[in-house]
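# Per-entry structural report
Read off the chains here:
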Amino acid sequence: MANSPSSKKRARQTERRTEVNKARRSRIRTFIRKVEEAIASGDGAAATEALRAAQPEIMRGVSKGVTHKNTASRKVSRLAGRVKALSA
């Protein structure tokens, strides 16, 4: 439990950041899910469009410190590969 004023403040800040990060992570997952649903439906055009929308959102998570750069790159790469295989 936080006792000193500075540690109480840190606890409050952490709480707020956690909420923001949770929302951001959820938003990224939603974009990824839209791409995966488009792939599952077999619609190449929709999958391409969904990936185009998801890619900047995933990378925004990196710049905001929610995900690691390599993790985000791996996710984008794998989704792009699946979309490309669908189109071919």
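In short, a report on the structure. None of these values were measured; they are calculated from a predicted model.

### A short note on the environment of Gly65
In this structure, Gly65 sits in the loop between α2 (44–63) and α3 (69–87). Put simply, Gly65 and Arg12 are 53 residues apart on the chain and 19 Å apart in space, counted from C-alpha to C-alpha.

### Re the side chain of Glu57
On the secondary structure map, Glu57 appears in helix α2. Within the local environment of Glu57, its side chain forms a polar contact with the side chain of Arg27, the two groups lying 2.9 Å apart. Those residues in contact with Glu57 that lie beyond four places of it in its chain are Arg27, Ile28 and Phe31.

### Observations concerning a positive patch on the surface
Taken together, the side chains of Lys22, Arg25, Arg29, Arg74, Lys75 and Arg78 define a basic patch exposed on the protein surface. Those elements that place two or more of their residues in the positive patch are α1 (5–41) and α3. Relative to the helices and strands, Lys75 resides in helix α3. Residue classification places Lys75 among the partly exposed residues on the basis of a relative accessible area of 38%.

### Things to note about the nonpolar core
Core analysis: the biggest nonpolar cluster contains 15 residues, and Val35, Ile58, Leu79 and Val83 have the highest contact counts within it. Mapped by element, the contributors of at least two residues to this core are α1, α2 and α3. Considering every element that reaches this core, the biggest residue donor is α1, with six residues. Non-local contacts of Ile58, meaning those with residues more than four positions away in its chain, are made with Ile28, Ile32, Thr67, Ala72, Val76 and Leu79.

Cut-off values and rules
- Residues numbered from 1 in each chain as written.
- Predicted model: local features only at pLDDT ≥ 70, side-chain atom pairs only at ≥ 80, totals over all residues.
- Heavy atoms only, no water.
- Helix = DSSP H or I, 4+ residues; strand = E, 2+ residues; numbered from the N terminus.
- Polar contact = N/O pair within 3.5 Å; in protein donor to acceptor, adjacent residues only side chain to side chain.
- Contact = heavy atoms within 4.5 Å.
- Patch = residues over 30% accessible without salt bridge, like charges linked within 9 Å, V, L, I, M, F, W, Y side chains within 5 Å.
- Areas by Shrake-Rupley, 256 points an atom, 1.4 Å probe, with all protein chains shown as cover.
- Salt bridge = Lys/Arg side-chain N within 4 Å of Asp/Glu carboxyl O.
- Lys, Arg positive; Asp, Glu negative; His and termini not counted.
- Charge placed at Lys NZ, Arg CZ, Asp CG, Glu CD.
- Buried < 20%, exposed > 50% of the residue type's maximum accessible area, 1.4 Å probe, protein only.
- Core = buried A, V, L, I, M, F, W, Y, C linked by side-chain atoms within 4.5 Å.

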